[in-house]
Amino acid sequence: HIESEKIMVASSENSIARDQSTSSHANATNKIIHGEIGCQCINATDILSSLTDRSCTITTSSGQHNGILLTVNGPCVEYDYGSNVCLPHDMMVDPYCGQLSSSSSNIIPERCYRRWCYVNAMECMGASSERVFRSKYFPAGSGVELYYSSSTCGSSASDWEASPSQQNSNHVLGGESLKVITAAYNIVPYVYKQNSNGDIPVVPGEEYYNNTIPYEGVHINYVKSLQQISNGDFDVDFVHGSRASLRIYQGAPGNAAVQDVVDGLVDIVIGPIWITGDRLKRTSFSMPIQYDRTVLVIPQPVLRRSYAEETSKVLDPFTMGVWLLLVGMIAVTAVLSVWFSKKRSKESSVYGRLAVYGRLAVDEFLQKGTFFCSGGVKQDETSSLPRKLLMFGFAFFILIVLSAYVANLAAFLTRSNSSPVTTIEDVIARQMNICAHPVLADDLKLTHPKANFVFNQEGKELYGLVDDYDAGKC
């Protein structure tokens, strides 16, 4: 009976051990197939199938069906590429893995055997310790958010990150040949062409349409440097723009060049081309590599030195109100001086007395005005005490006024009467005309709606602006 119990217990323990072993094996298998818990594979089929701009055709023994391109000239893969399960998804699509010929002496890299899958980056970052990387086939700014993990599938991403396919995935253009033009004008040292005489005309002639004559300039060298840095990711074919666009935009070669891009005739326009609101509506621009300053050009200020203007400067230290106050003070002093004087009229009639006192007041006014202008007063020992007190106050008043006047006079005598405009706000306030480049018309009107802009209507762009300025239109 005891042995029987032992056997039963042993059987139970073996059964439990088998169940635990089966469960552990199932969990390990699930991890290998679907990834670690907290960072499992996702289904990215809907995301990849929505990328219609990368659509391609896959031919198999069962027929043809749609797929997507990983790069411009890269492999065409199924929509379930990288989805749902941990697999070596690149074995049959990476040219360095599955497309090696049997006669090739190359050895398939270890990374080709690495299992990986697309995962939810936020979930993995918060619920697991697995390493997650953004897919380099879909970089930031591409509008596609896809992330992968090798460690969740029990693999390592180290050899994958160093693989040629991932390094070459930065070559987003895949050696594409780009047609590049410049606007049909020469701006030294940025972009220009020499004619048959070795000269550089402002407006190029037939040499612009001769693709055998090379472009020169700083911007041309800039593009060539980018081409070298890219290690052959793209090639540049410098061509000329269309005559039709130049006919549409007569005298506006920048707009004509942009139109060639819009029409799909060329891929890129290089050169000093302004980014305006109208052009942004028609096509896209790279980040600016050069910034222009908008400056206000005004004629040389002319100093006005007429006799009347120069002599009027002696009155500038005081305002008109102060001058009137000084005249009033002299008049009051004159009247009080007559009042305090010992002179009395002998006329019996009122009219006669008023006439006498009027003449005395005028005489005193002229005398006190003379005192004021001479900077002093005449001392009269025979005058009464009230008159002496009056003269003392008047003398002190003269002292204060002359001190203030002399202190300011030197500054006003050396001041220029001319007041040239220095900002566009000054020009707008004076309602003056401003000659401006017609390409910037919409932007300038939006920025300064009250300004009187003059835009050349003959299609001469920058040179028309200068012509209008010389003609006195602004």
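Calculation criteria
- Residues numbered from 1 in each chain as written.
- Predicted model: local features only at pLDDT ≥ 70, side-chain atom pairs only at ≥ 80, totals over all residues.
- Heavy atoms only, no water.
- Disulfide = S-S within 2.5 Å.
- Helix = DSSP H or I, 4+ residues; strand = E, 2+ residues; numbered from the N terminus.
- Buried < 20%, exposed > 50% of the residue type's maximum accessible area, 1.4 Å probe, protein only.
- Pairing = 2+ DSSP bridges.
- Axes fitted to C-alpha atoms, helices over the stretch in contact; angles between N-to-C directions.
- Contact = heavy atoms within 4.5 Å.
- Patch = residues over 30% accessible without salt bridge, like charges linked within 9 Å, V, L, I, M, F, W, Y side chains within 5 Å.
- Areas by Shrake-Rupley, 256 points an atom, 1.4 Å probe, with all protein chains shown as cover.
- Salt bridge = Lys/Arg side-chain N within 4 Å of Asp/Glu carboxyl O.
- pLDDT = per-residue confidence, 0-100.
- Right-handed = clockwise from strand over helix to strand, strands pointing away.
- Core = buried A, V, L, I, M, F, W, Y, C linked by side-chain atoms within 4.5 Å.
- Expected span 1.5 Å × (residues − 1).

**Observations regarding the state of the cysteines**
Stage number 1. Scanning the model with the defined rule gives five disulfides in all.
Stage number 2. Here Cys56 is linked by a disulfide to Cys76, with a sulfur-sulfur distance of 1.8 Å. On the sign convention where negative is left-handed, the bridge of Cys56 and Cys76, at about 90° about the S-S bond, is right-handed. Note that Cys56 is positioned in strand β1 (residues 55–60) and Cys76 in strand β3 (residues 76–77), a separation of 20 residues in sequence.
Stage number 3. Overall, Cys56 belongs to the buried group, its relative accessible area being 11%.
Stage number 4. Across the disulfide, Cys435 is cross-linked to Cys474 (sulfur-sulfur distance 1.8 Å).

**Side note on the sheet that holds strand β8 (residues 234–238)**
Stage number 1. In spatial order, the strands read β8-β7-β9; together these three strands make up an open sheet with parallel pairing. Each end of this open sheet is capped by a strand with a single partner; those strands are β8 and β9 (268–270). Sheet twist, expressed as the average angle between the axes of neighbouring strands with direction ignored, equals 40°.
Stage number 2. Where strand β7 (residues 176–182) meets β9, three bridges bridge the pair, whose relative direction is parallel. Directly across from Val180, in β9, lies its bridge partner Ile268.
Stage number 3. Helix-sheet contacts for helix α8 (residues 253–262) involve β7 and β9, and the interaxial angle to β9 is about 160°.

**Describing a nonpolar patch on the surface**
Stage number 1. Together, Val202, Val203, Leu462 and Tyr463 give the surface a local cluster of nonpolar side chains, amounting to about 380 Å² of exposed area.
Stage number 2. With respect to the helices, strands and loops of the structure, Tyr463 is situated in helix α16 (residues 461–470).

**Some thoughts on the pattern of salt bridges**
Stage number 1. Tallied over the entire structure, the rule returns four salt bridges.
Stage number 2. The shortest N-O distance in the salt bridge between Asp278 and Arg282 comes to 3.5 Å. One end of the pair, Asp278, and the other, Arg282, are both in helix α9 (residues 277–282), four residues apart, so they sit about a helical turn from each other.
Stage number 3. Here Lys473 ties to Asp468 by a salt bridge, and the two come within 3.5 Å at their closest N and O atoms.

**Comments concerning the confidence of the model for the protein**
Detailed reading of the predicted coordinates is not advisable wherever pLDDT is low.
Stage number 1. Looking at the protein as a whole, its pLDDT mean stands at 78, while 80% of the residues score no less than 70.
Stage number 2. Helix α1 (residues 2–34) is the least confidently modelled element of the protein, averaging 46 in pLDDT, while strand β4 (residues 117–119) averages 94, the highest of any element.

**Notes on the pairing of strand β11 (residues 452–455)**
Stage number 1. Only one face of β11 is buried: it carries Phe453 and Phe455, and the other face, with Asn452 and Val454, is open.
Stage number 2. Following the chain from strand β10 (residues 433–436) across helix α15 (residues 441–447) to the adjacent parallel β11, one finds a crossover that is right-handed.

**Some remarks on the nonpolar core**
Buried together is how nonpolar side chains tend to be arranged in soluble globular proteins.
Stage number 1. Counting residues in each nonpolar core, the largest one holds 16 residues, and the members touching the most others are Leu48, Tyr81, Tyr118, Phe138 and Leu146.
Stage number 2. Not counting residues within four places of it along the chain, the set of residues in contact with Phe138 comprises Leu48, Leu51, Arg54, Ile68, Tyr118, Val144 and Leu146.
Stage number 3. Core analysis: the next-biggest nonpolar cluster, separate from the first, contains 13 residues, Val180, Ala184, Ile220 and Val223 among them.

**Some thoughts on the pairing of β1**
Stage number 1. Across six bridges, β1 lies against strand β2 (residues 63–69) in antiparallel orientation. Along β2, the bridge assignment pairs Ile58 with His65.
Stage number 2. The loop that links β1 with its antiparallel partner β2 comprises two residues.

**Here's the deal with unusual backbone geometry**
Stage number 1. Of note, the amide linkage connecting Val188 to Pro189 takes the cis form, showing an omega dihedral of 10°.
Stage number 2. One can find Pro189 in the loop between β7 and α6 (218–229).
Stage number 3. Despite not being glycine, Asn84 has its phi angle at roughly 70°, a positive value.
Stage number 4. Overall, Asn84 belongs to the partly exposed group, its relative accessible area being 34%.
Stage number 5. Of note, the phi angle at Gln431 is positive, near 55°, even though the residue is not glycine.
Stage number 6. You can see Gln431 is positioned in the loop between α14 (424–429) and β10.

**Focus: helix α13 (residues 385–413)**
Stage number 1. In this model, α13 (29 residues) spans 41 Å end to end at C-alpha, consistent with the 42 Å of a helix rising 1.5 Å per residue.
Stage number 2. Residues Arg387, Leu390, Met391, Phe394, Phe397, Ile398, Val401, Tyr405 and Leu409 constitute the buried set of α13.

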